[in-house]
Amino acid sequence: MAIETLIAALARPTPASSDYDLNPDTVLAPGRVLRPAAVLVAVCESPQGPEVLLTKRASGLKHHPGQIAFPGGKIDATDASPEAAALREAWEEVALDPALVRVLGRLPAHETVTGYSVTPILGHIRDGFVSRAELGEVQEVFRVPLSHLADLSRFRVERRIWRGEWRSYYAVPYGPYYIWGATARMLRGLAERLAA
């Protein structure tokens, strides 16, 4: 898939997403304040075709241990923009030099059940890159073919009990990796744009 295809997908208007998309009966608190965060949806070149860089969070973390995620995190006061935050976090978590990343643009914000408004930043890794996991935060760094993640038929809706109630969510498993929740929802948003 050409980078031009990704850039064209960014131009297609789609609404913001949330962890509540599949749970329309959820009552959200009026006036809730969301904390800003950003993640890097990094598309890497490989001989097999474009791949998306993902991480498996360290099992000892307080929040979301062992879950699959994009490099990223909350936007600090010192970050000039969501792009700057996503690139900083990718450097800290997987040693991705920001100079290797061509920022293509922003995908719509995603609201999480944990109270964040996450801005996904789509980026293309232009040169060869060897990841190095920051072991305090990241257990593993791996890549998934973009062709897998762009195929809407790979996504499925599952559900589990969360805070005493059933909650539905998207999942897009790949091999031993169970990609679900906010990460899967943001990836589905990208897949929907690519399919349009």
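Look up: the structure comes first, before these words.
This section reports on the structure supplied with the text.

1. Some thoughts on helix α1 (residues 3-10)
- Among all positions in α1, only I3, L6, A9 and L10 are buried. When α1 is viewed along its axis, its buried side chains cluster within an angular range of 115° and face the same direction.
- Residues of α1 that are buried sit in contact with β2 (35-44), β6 (101-106), β8 (116-125), α3 (146-149) and α4 (181-195).

2. Side note on the packing of α1 against α4
- Two elements in contact, α1 and α4, have axes whose closest approach is 9 Å; the angle formed by their N-to-C orientations is 100°. Classed by the angle they form, the pair α1 and α4 counts as roughly perpendicular. Mapping the contact onto sequence places T5, L6, A9 and L10 in α1 and L190, R193 and L194 in α4.
- A breakdown of the residues in the contact of α1 with α4 according to their chemical character gives 5 nonpolar, 1 polar and 1 charged.

3. Here we look at the pattern of salt bridges
- Under the definition given, this model contains 11 salt bridges.
- Its salt-bridge partner being R88, residue E92 comes within 3.3 Å of it at the nearest N-O pair. On the criterion of helical spacing, the pair formed by E92 and R88 is a turn pair, its members being 4 residues apart in helix α2 (residues 82-94).
- A relative accessible area of 37% means that E92 is categorised as partly exposed.
- Ionic pairing is found between E158 and R156, a salt bridge with its closest N-O pair at 2.4 Å.
- Connected through salt bridges with shared partners, the residues D76, D79, R88, E89 and E92 form a single ionic network.

4. Observations concerning the packing of aromatic side chains
- Evaluation of the coordinates by the stated rule reveals 3 aromatic pairs.
- Centroid distance F142 to Y177: 3.6 Å. Interplanar angle 5°. Geometry classified as stacked. Pair noted here: F142 is in strand β9 (residues 138-145) and Y177 is in the loop between β11 (165-171) and α4, with a separation of 35 residues, a long-range link.
- With relative accessibility at 6%, the residue F142 sits in the buried group.
- Every member of this aromatic cluster is reached through a ring pair, and the members are Y169, Y178 and W180.
- One residue, R35, lies across the ring of Y116, its end atom 4.1 Å from the ring centre.
- A cation sits over an aromatic face here: R160 above W180, 4.3 Å from the ring centre.

5. Side note on the nonpolar core
- Judged by nonpolar contacts, the single largest core of 33 residues is most densely connected at L6, V52, L54, F70, L122, I179 and L190.
- Sorting the residues of this core by element identifies α1, β2, β3 (51-57), β8, β9, α3 and α4 as the ones contributing at least two each.
- The element best represented in this core is α4, accounting for 7 residues.
- Ignoring any residue separated from it by four or fewer positions in sequence, one finds L54 in contact with I68, A69, F70, E140, V141, F142, V144, I179 and T183.

6. Notes on α4
- For α4, spanning 15 residues, the distance from its first C-alpha to its last is 21 Å, which sits close to the expected 21 Å at 1.5 Å a residue.
- For α4, the tally of buried residues reaches 13 of 15 residues, placing the bulk of the element in the interior.

7. Notes on the side chain of R167
- Following the sequence through the fold, R167 ends up in strand β11.
- The side chain of R167 is buried and forms no salt bridge, while D19, the nearest opposite charge, is found at 4.6 Å.
- Beyond its immediate stretch of four places on either side in the chain, R167 contacts D19, N23, V113, E158, R159, R160, W162 and W180.

Calculation notes
- Residues numbered from 1 in each chain as written.
- Predicted model: local features only at pLDDT ≥ 70, side-chain atom pairs only at ≥ 80, totals over all residues.
- Heavy atoms only, no water.
- Buried < 20%, exposed > 50% of the residue type's maximum accessible area, 1.4 Å probe, protein only.
- Helix = DSSP H or I, 4+ residues; strand = E, 2+ residues; numbered from the N terminus.
- Arc of directions from axis to C-beta.
- Contact = heavy atoms within 4.5 Å.
- Axes fitted to C-alpha atoms, helices over the stretch in contact; angles between N-to-C directions.
- Parallel < 35°, antiparallel > 145°, perpendicular 65-115°, else oblique.
- Nonpolar A, V, L, I, M, F, W, Y, C, P; charged D, E, K, R; others polar.
- Salt bridge = Lys/Arg side-chain N within 4 Å of Asp/Glu carboxyl O.
- Phe/Tyr/Trp six-rings, centres within 6.5 Å; stacked < 30°, edge-to-face > 60°.
- Lys NZ or Arg CZ within 6 Å of the ring centre and 35° of its normal.
- Core = buried A, V, L, I, M, F, W, Y, C linked by side-chain atoms within 4.5 Å.
- Expected span 1.5 Å × (residues − 1).
- Lys, Arg positive; Asp, Glu negative; His and termini not counted.

The quantities given are spatial measurements derived from coordinates; they are silent on function.
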